[in-house]
Amino acid sequence: MKKIIQKLKLRNKQFGHHPITKDKRIKGLWRYVSFNILNKFKANIKYNWIGNLAFYASKGDAGIVANIYYGLHEFNESMFILHYLREKDVFLDIGANVGHYSLLASGIKNCHSISIEPVPSTFKRLNEQVILNKLEDKITTLNIGIANKSSELNFSVDKKTMNRIVDSNYKNSVRIPVETVDSLFKKKKISVIKIDVEGYEKFVLQGSETVLKNKNLNVIIIEINFSNKYYGVKNEEISEIL
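The rules behind these values
- Residues numbered from 1 in each chain as written.
- Predicted model: local features only at pLDDT ≥ 70, side-chain atom pairs only at ≥ 80, totals over all residues.
- Heavy atoms only, no water.
- Pairing = 2+ DSSP bridges.
- Helix = DSSP H or I, 4+ residues; strand = E, 2+ residues; numbered from the N terminus.
- Axes fitted to C-alpha atoms, helices over the stretch in contact; angles between N-to-C directions.
- Contact = heavy atoms within 4.5 Å.
- Core = buried A, V, L, I, M, F, W, Y, C linked by side-chain atoms within 4.5 Å.
- Buried < 20%, exposed > 50% of the residue type's maximum accessible area, 1.4 Å probe, protein only.
- Salt bridge = Lys/Arg side-chain N within 4 Å of Asp/Glu carboxyl O.

Participant: When you look at the sheet that holds strand β10 (residues 192-195) in this model, what are you seeing that I'm missing?
Facilitator: Strand pairing within a sheet occurs via backbone hydrogen bonds; the two strands may be parallel or antiparallel. In space, the five strands of this open sheet follow the order β5-β4-β3-β10-β11, with parallel pairing throughout. Single-partner strands in this sheet number two, and they are β5 (139-142) and β11 (219-222). When strand polarity is set aside, the average angle formed by the axes of neighbouring strands in this sheet is 10°. Each of β3 (90-94), β10 and β11 is contacted by helix α4 (residues 75-84), which is oriented at about 160° to β11, the strand it contacts most.

Participant: Where do I start with the nonpolar core in this structure?
Facilitator: Across soluble globular proteins, nonpolar side chains have a tendency to be buried as a group. The biggest cluster of nonpolar side chains holds 36 residues, and the ones touching the most others in it are F35, I68, Y69, I81 and F91. Mapped by element, the contributors of at least two residues to this core are α2 (25-38), β1 (45-48), β2 (54-57), α3 (62-70), α4, α5 (100-107), α6 (120-132) and β11. Non-local contacts of I68, meaning those with residues more than four positions away in its chain, are made with R31, F35, Y47, F55 and A57. In terms of nonpolar packing, the next biggest core, distinct from the first, is built from 28 residues, I94, F185, F203 and L217 among them.

Participant: Could you clarify how one ought to interpret the sheet that holds strand β6 (residues 145-146) in this entry?
Facilitator: Here we have four strands laid out as an open sheet, ordered β6-β9-β7-β8, and mixed in their pairing. Here the strands that pair on one side only, and so sit at the sheet edges, are β6 and β8 (165-166). Here two bridges tie strand β7 (residues 151-156) to β8, and the two strands are oriented antiparallel to one another. Across the sheet, F155 pairs through a bridge with I165, a residue of β8.

Participant: Can you help me understand the pattern of salt bridges in this one?
Facilitator: Where charged atoms of side chains with opposite charge meet at close range, the side chains can pair. What the rule picks out here adds up to eight salt bridges. For D61, the salt bridge identified is with R125, shortest N-O distance 2.5 Å. With D61 in the loop between β2 and α3 and R125 in helix α6, this residue pair connects regions lying 64 residues apart in the sequence. In this structure D61 comes out as buried when scored by relative accessible area, which is 10%. Given the relative accessible area of 14%, R125 is considered buried. Residues R125 and E128 are paired through a salt bridge, measuring 2.7 Å at the closest nitrogen-oxygen approach. Residue R125 and its partner E128 are located together in helix α6, separated by three residues, close to a single helical turn. Connected through shared salt-bridge partners, D61, K124, R125 and E128 make up one network.

Quick look at the structure:
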């Protein structure tokens, strides 16, 4: 019971900082509690989202479940996508997880998305979301990783949304082919790139030199925190490349 109360207090605090729920904390808490109770009896739940979008949610789908609680998770980045993209644009989603950003880009803004997700179980969930929304002609999904050279790398499979590249000794991992952005999209007119690769951003950028110089590319949304220390990389190294 103590742990439950602590979780509710934490969520209440988080709701107070989000633009949509800051004045509607009780509704946010109700959605949070309702989902977690319902999920004990039903593993895969369909939710109607914004516009005509919908998504499947299961416990562990942290990349999209938070939209149930907040209405629109990662609010600033999501709203930017919704305001900036146009139908003619191409959106490259590196580290797509189960498709939050790609669904917004293609389902609301009607542009073409290329969604890259290496972990097989997560990739399966990504495709389920695409099919649910009938966006197969708008979202291209690729079950590969992105790095600074073409090869194969090990990816963890036990960290949910935090899965990342690990060494070959890591027990709960799977070996996945990796390519560079340049090898795949050198001639593609990409407008926006979103990169969320749990600390491997420097290596993704190193393999994107030609695409980064393309005049069609106007926006890079990139997660930079201290997870790159896992690979011996400093934030300044990423900033220098950009």
